[in-house]
Amino acid sequence: MPGVLDGVRVLDFGRYIAGPFCAALLADLGADVIRVEKVRGSEDRFVVPLTPAGDGALFMQVNRNKRGLTLNPMKPDGQEVVRRLVVTADVVVANLPDAALEAMRLDYASLTAHKSDIILTSVSAFGTGGPYSEKLGFDGIGQAMSGAMYLSGRPDEPTKSYVPWVDFTTALSAAVGTLAALMARQQTGRGQQVRGSLLASALSVANSTLIEQQVTTRDRVATMNRSQISAPSDTHRTRDGWILVQSLGQPLFERWTKLMGESHWLDDPRFVDDMARGDNGQVISERMARWCAERTTAEALEALESARIPAGPVYSPQDALEDPHVAAAGFLRQLEFPGLPSAAPVADAPFSLSDSEVGVRHRAPVLGEHTDKILREVGYTVAEISAMREARVV
């Protein structure tokens, strides 16, 4: 089956997660994505290093399906390489502040001077138009400044999520924006700039809590894993592990009270609706905790599933790798990578299409793996490539 973006070329000047994973999603859809790195390797290549060369787990995930090019775009010859590449491209992805884009001549005005209908997808920490526009930031800053971190953990200890959900949310939204810009170009013939930011993404995910706060001044504080807007919704220890139970809505609560032998709670004003149950969630959690403590994880989950109450085991990373459903559904693709002692379980595209090819086709590139081939595609000779390599342009 053809990919939706077959024939589309993307230049990925991204770093770390938001830019590179946006480009990876476009590659999953069939785009020819060229990841451009520093000559010595960009910093994100070496996060959680796993190979003798230092290639990291994060890089293997967010740069699958791409070709790799090394380049110093700050040198004059590097600028010419950028120009030649841009002429062949449809999209440029870069998660850098505007000043950095201008210094590298990757800003929208510079790109359109080379190709008028180019699409620039840029991601920054704080977006544009405010006093923080040029500040640097990572995923955790978005978690901290959106209110999400304040409401996680304990009241006296705000807790950042271990996984970088702000980065990945930003990448997903930037990919949606890029696809929209490609559709608009089909209609108008014009390119445009797509902008995303970590703080904007974090505020979007946390938005309902901000709406509630402004309207009601509720001033909520963290309650660990216990939900404040419904119950039962909490983590509980079993005889041999932990499970998470999540309930939302009256039918689920009715089924839960029957399972617990507490049907009289349906007439208790403390539990009249989701918000009331959230306000009195500690009582419900204590009842659920006693029930779980008497059972193994398997016994608890079997009973909850029979009652059609959403629940799942709290897995370690190793547990997640060994789950039979994860294997049967094909959520992880086993990819060989030079220097790894075993294959890497790279997550496939988080969506599928019934009539188009989507997903992981090949591993991430080793440093500069496709440099010569890509440069020959845009007209450079073997001698010119050799001279640029000698000068550390590539």
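Residues numbered from 1 in each chain as written. Predicted model: local features only at pLDDT ≥ 70, side-chain atom pairs only at ≥ 80, totals over all residues. Heavy atoms only, no water.

Of note, the amide linkage connecting A231 to P232 takes the cis form, showing an omega dihedral of 0 degrees. Mapped onto the secondary structure, P232 falls in the loop between α9 (207-216) and β9 (233-237). Of note, the phi angle at Y16 is positive, near 60 degrees, even though the residue is not glycine. By the element assignment, Y16 lies in the loop between β1 (9-12) and α1 (18-28). When its relative accessible area of 24% is taken as the criterion, Y16 is described as partly exposed. The backbone phi angle of R308 is positive, close to 60 degrees, even though this residue is not glycine. Locating R308 in the fold gives a position in the loop between α13 (297-306) and β11 (311-313). With a relative accessible area of 53%, R308 lands in the exposed category. (Helix = DSSP H or I, 4+ residues; strand = E, 2+ residues; numbered from the N terminus. Buried < 20%, exposed > 50% of the residue type's maximum accessible area, 1.4 Å probe, protein only.)

Let us look at the environment of L26. Mapped onto the elements, L26 comes out in helix α1. In the structure, L26 is positioned 309 residues away from L335 in sequence and 19 Å away in space, judged by C-alpha atoms. Apart from the residues lying within four places of it in its own chain, the contact partners of L26 are L5, V10, A31, A175, T178 and L179. (Contact = heavy atoms within 4.5 Å.)

Right, let's get into a nonpolar patch on the surface. Taken together, the side chains of Y132, F138, I141 and M145 define a hydrophobic patch exposed on the protein surface, amounting to about 390 Å² of accessible area. Relative to the elements of secondary structure, F138 occurs in the loop between β5 (119-124) and α6 (139-145). Residue F138 is classed as exposed on the basis of its relative accessible area, which comes to 53%. (Patch = residues over 30% accessible without salt bridge, like charges linked within 9 Å, V, L, I, M, F, W, Y side chains within 5 Å. Areas by Shrake-Rupley, 256 points an atom, 1.4 Å probe, with all protein chains shown as cover. Salt bridge = Lys/Arg side-chain N within 4 Å of Asp/Glu carboxyl O.)

Let us look at the sheet that holds β11. Reading across from one edge, β9-β10-β11 is the order of the three strands in this open sheet, with antiparallel pairing throughout. Every interior strand has two partners, whereas the edge strands, β9 and β11, have only one. In this sheet, adjacent strand axes meet at a mean angle of 20 degrees when their direction is disregarded. As defined by bridge partners, strand β10 (residues 242-246) adjoins β11 across three bridges and the pair is classed as antiparallel. Bridging across to β11, L244 finds its partner in G312. Contacts from helix α12 (residues 281-293) reach β9 and β10 within the one sheet, and its direction differs from that of β9 by about 35 degrees. α13 contacts β10 and β11 of the sheet and is inclined by roughly 15 degrees relative to β10. (Pairing = 2+ DSSP bridges. Axes fitted to C-alpha atoms, helices over the stretch in contact; angles between N-to-C directions.)

A few words now on the nonpolar core. In this structure, L11, F13, L85 and L375 are the most contacted members of the largest nonpolar core, which totals 28 residues. Those elements giving two or more residues to this core turn out to be β2 (32-37), α3 (76-88), β4 (91-94), α16 (371-377) and α17 (382-390). Residue contributions to this core peak at four residues, all from α3. When sequence neighbours within four positions are dropped, the list of residues in contact with L375 reads L69, V81, Y380, I385, M388 and V394. The next biggest cluster of nonpolar side chains, apart from the first, holds 19 residues, and it includes A18, C22, F126 and A171. (Core = buried A, V, L, I, M, F, W, Y, C linked by side-chain atoms within 4.5 Å.)

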